[in-house]
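# Residue-level structural notes
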2 protein chains.
Amino acid sequence: MGAAAVALLAATRRRPTTSLYLFLSRAARAGLHDAAAPAEEKAKTRRRRRSSTSRLLGPDIPDAWDPTPRAAPRPPPPGRAGVDYGCTTIIDGKSVADDIRFQIAEEVRQMKNAVGNVPGLAVVLVGDRRDSQSYVRYKIKGCEDVGMKSLLAELPGGCTEDEVVDSVSRFNEDPSVHGILVQLPLPHHMDEERILSAISLDKDVDGFHPLNVGNLALRSRKPLFVPCAAKACLELLLQSRIELMGKHVTVIGRSKVVGLPTSLLLQRHHATVSIIHAFTTNPEEITRQSDIVISAAGVANLDPTSDYGYRLTGDVCFEEAVRVASAITPVPGGVGPVTIAMLLANTLDSAKRAYGFATESQELV
Amino acid sequence: MGAAAVALLAATRRRPTTSLYLFLSRAARAGLHDAAAPAEEKAKTRRRRRSSTSRLLGPDIPDAWDPTPRAAPRPPPPGRAGVDYGCTTIIDGKSVADDIRFQIAEEVRQMKNAVGNVPGLAVVLVGDRRDSQSYVRYKIKGCEDVGMKSLLAELPGGCTEDEVVDSVSRFNEDPSVHGILVQLPLPHHMDEERILSAISLDKDVDGFHPLNVGNLALRSRKPLFVPCAAKACLELLLQSRIELMGKHVTVIGRSKVVGLPTSLLLQRHHATVSIIHAFTTNPEEITRQSDIVISAAGVANLDPTSDYGYRLTGDVCFEEAVRVASAITPVPGGVGPVTIAMLLANTLDSAKRAYGFATESQELV
């Protein structure tokens, strides 16, 4: 990482939907500097497609231990997802998200023409937290924008756990629903694990079911769904043509929402992963040594206003980091919008499985 | 790690059952130096019990991100599992394994008296690999030694995948069987994942089922079984009273048998974990920085004579490492015997669940 992230835990207090940074050391930028995308170039890449699930899950290469020193992998060709910002490339998450949603909208249209149905996302919202309400609005608006159906079950904060489970069960049985998400955090008196476990495995678009997590961890298996924020991080890295194999990536945070699945997904791409968290005694030492740092300091109960629990806290802010990292995702407009796009992508994939439907770009999803 | 593991991938060619090293930096030894256990002391600890599953799964402490520098945790009291070896403590895996088996034998006896049954372990062995035959013998002998029942299904290497699945299914239905393991590796023409998936979740004593792996990865959940080698590593660390919280642990290898579950289990103990593997470009840099190094370079297809695929290969041998590490597990007599003891422990735990049986030390398992 060089000096890229000497002290990375930053003290921004911005909106949490996008408070997930992705730093890249100068060594890892791999052509990002050439990635400035002028307007006409951007228009041309409008139809750039989201990465296929197989691509996001990484190449299936067996380990081959070799005692001889390994040459660093060759840098990939320049990527297109970023714009130059002096010495630092700002990875344009919004543009990547727009492109993905553009493609999803097209596939939804094809699905409607072919099978007469569109994908459906059901959201369960418990209580009246304003931040949760606002995230749910984003997600529902995201559905509308791409022509998907959305359903919302709103329950009062004082309802019982069983009532939430009942809501989930109804959506499980509804064939027009292909994805179910329970907006977190839930009120403290509820058993989050029990409620999440009630979501049918084939509608678990958040990817938090332990079977999906286990299949993500086991490289020889394939999960039905990968958590959206982890997919978003990988999508941004892949779109930016950043080489991962052999690179040292530090993931800050280990929540099931971001840190854990991102660290597992990165390992499928043969990155060397260090996971640092609140109990780590020497975070600077480890991040300093890394090629890429993904910061997702995800502790929901530290910051009750955070959505999924990923909010950057600490002692370096974006303005500082931008001076030392070779590439970075901004706040807002970084990982956040791509995460919502990935939720739509997961829901679309689920509907395709349900209807046995293949669009012309099926090989990509 | 200091100079403990500058170049760790060692080139030993010893028996693979025990070819799993555990290095500890001098900083992490935390009283190990005082842990020399003379014979009379050893006799007194004869009844020392294996750690409870809850203890092995780590303390449930929420992350609390704190921007102020964290003091290193206080060293725990001296452990008893090791013997001194000049400047380096050799962690005595065989002694730990003996103690665990002693306790298991006692619990099996109590179970037999109380419910008239003993735990049963079924092993499926396909083909005639001599190493696999020998590991299976160890496991069956382990059962006999503690009074457990063992069943062996031997199939020829040329049999079909379906025949193996049928064997597994019969054991699934046999109420006298509480644990099933399929000896790996399987012949190349077989789909390992399909066969392992056939094992009933509540008899998956190897802990390779994706649901068990997912529940191990998600700190808020609890797997029914944790893979034996990972449990063995943690048992040795805990018995040696080595503090894990906040410590930087490097795990070499990421197989589902050792590396992956060990890295997940260490995270439950709030260690900072780096996972390095065959594609890692700078293994020395990362290991040098670590407090603890667990080497489980697990690639079965690199070394067809290895059992579970953990065999140390590379450029440092035990004789070199013993001069720089503050504590180390030997080969043989390190993690290997504890791993087999953990297989028996998993089978006992499974039988206890099946019979709803609690021994006087049930709170410990």
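Residues numbered from 1 in each chain as written. Chains lettered and ligands numbered in written order. Predicted model: local features only at pLDDT ≥ 70, side-chain atom pairs only at ≥ 80, totals over all residues. Heavy atoms only, no water.

Going by an unreviewed UniProt entry, chain A carries the name methenyltetrahydrofolate cyclohydrolase and comes from Zizania palustris. Recorded in UniProt under Sequence similarities (unreviewed entry), the annotation for chain A is "Belongs to the tetrahydrofolate dehydrogenase/cyclohydrolase family." Recorded in UniProt for chain A, the comment headed Catalytic activity (unreviewed entry) runs: "(6R)-5,10-methenyltetrahydrofolate + H2O = (6R)-10-formyltetrahydrofolate + H(+)". (UniProt positions renumbered as here; feature names shortened; annotations may be inferred.)

### Some details on the overall build of chain A
Counting its regular elements, chain A contains 12 helices and 10 strands. Sorting the 365 residues of chain A into buried and exposed places 63% on the buried side. Looking at chain A alone, contacts between residues at least 24 apart form 81% of all its contacts between residues at least 6 apart. Only carbon and sulfur atoms are counted for the fraction: they give 53% of the accessible area of chain A, which is about 13200 Å². (Helix = DSSP H or I, 4+ residues; strand = E, 2+ residues; numbered from the N terminus. Buried < 20%, exposed > 50% of the residue type's maximum accessible area, 1.4 Å probe, protein only. Contact = heavy atoms within 4.5 Å. Areas by Shrake-Rupley, 256 points an atom, 1.4 Å probe, with all protein chains shown as cover.)

### Let's talk about the confidence of the model for chain A
Low-confidence regions, as indicated by low pLDDT, have predicted coordinates that should not be scrutinised in detail. Residue and element names in this part refer to chain A. Mean pLDDT over chain A stands at 78; residues scoring 70 or higher make up 70%. Counted against residues more than four places away or in other chains, residues 1–19, with its pLDDT under 50, gives 81 contacts. Segment residues 298–316 is flagged for pLDDT under 50; beyond a separation of four residues in sequence, or across chains, it makes 82 contacts in the model. (pLDDT = per-residue confidence, 0-100.)

### What about the sheet that holds strand β5 (residues 149–155) of chain A?
All names here are of chain A. The parallel open sheet is built from 3 strands, whose spatial order is β5-β4-β6. Both edges of this open sheet fall to β5 and β6 (179–182), since each of them pairs with a single strand only. Averaged over all pairs of adjacent strands, the angle between their axes in this sheet comes to 15°, without regard to strand direction. Across 7 bridges, strand β4 (residues 120–126) lies against β5 in parallel orientation. (Pairing = 2+ DSSP bridges. Axes fitted to C-alpha atoms, helices over the stretch in contact; angles between N-to-C directions.)

### Regarding the packing of aromatic side chains
For the structure shown, the criterion picks out 0 aromatic pairs over all chains. A cation over a ring is seen here: R353 of chain A above F225 of chain A, with NZ or CZ 4.9 Å from the ring centre. (Phe/Tyr/Trp six-rings, centres within 6.5 Å; stacked < 30°, edge-to-face > 60°. Lys NZ or Arg CZ within 6 Å of the ring centre and 35° of its normal.)

### Points about the side chain of H269 of chain A
Residues and elements named next belong to chain A. The residue H269 is located in the loop between α9 (259–268) and β8 (272–276) in this model. Residue H269 is classed as buried on the basis of its relative accessible area, which comes to 7%. A polar contact is formed between the side chain of H269 and the backbone oxygen of R55, at a distance of 3.4 Å. Side-chain polar atoms of H269 contact the backbone nitrogen of G58, separated by 3.3 Å. When residues no more than four places from it in sequence are discounted, the contact partners of H269 are R55, L56, L57, G58, P59, L234, L238, L244 and M245. (Polar contact = N/O pair within 3.5 Å; in protein donor to acceptor, adjacent residues only side chain to side chain.)

### A closer look at the environment of A217 of chain A
Mapped onto the fold, A217 of chain A is located in helix α7 (residues 210–217). Residue A217 of chain A is classed as buried on the basis of its relative accessible area, which comes to 9%. Between the alpha carbons of A217 of chain A and L264 of chain A there is a distance of 5.6 Å; along the sequence they are 47 residues apart. Contact partners of A217 of chain A, with chain neighbours within four places excluded, come to L264 of chain A together with V213 and L260 of chain B.

### Looking at helix α5 (residues 161–173) of chain B
Helix length check: α5 of chain B, at 13 residues, gives a terminal C-alpha distance of 19 Å against a target of 18 Å (1.5 Å per residue), a fit within 8%. The secondary structure elements touched by the buried residues of α5 of chain B are β4 (120–126), β5 (149–155), β6 (179–182) and α6 (192–197) of chain B. (Expected span 1.5 Å × (residues − 1).)

### Overview of the pattern of salt bridges
All names here are of chain B. Evaluated as defined, the whole model comprises 23 salt bridges over all chains. When the shortest N-O distance is used, the salt bridge between R194 and E161 registers 2.8 Å. With R194 in helix α6 and E161 in helix α5, this residue pair connects regions lying 33 residues apart in the sequence. Taking relative accessible area as the criterion, R194 reaches 37% and is therefore assigned partly exposed. (Salt bridge = Lys/Arg side-chain N within 4 Å of Asp/Glu carboxyl O.)

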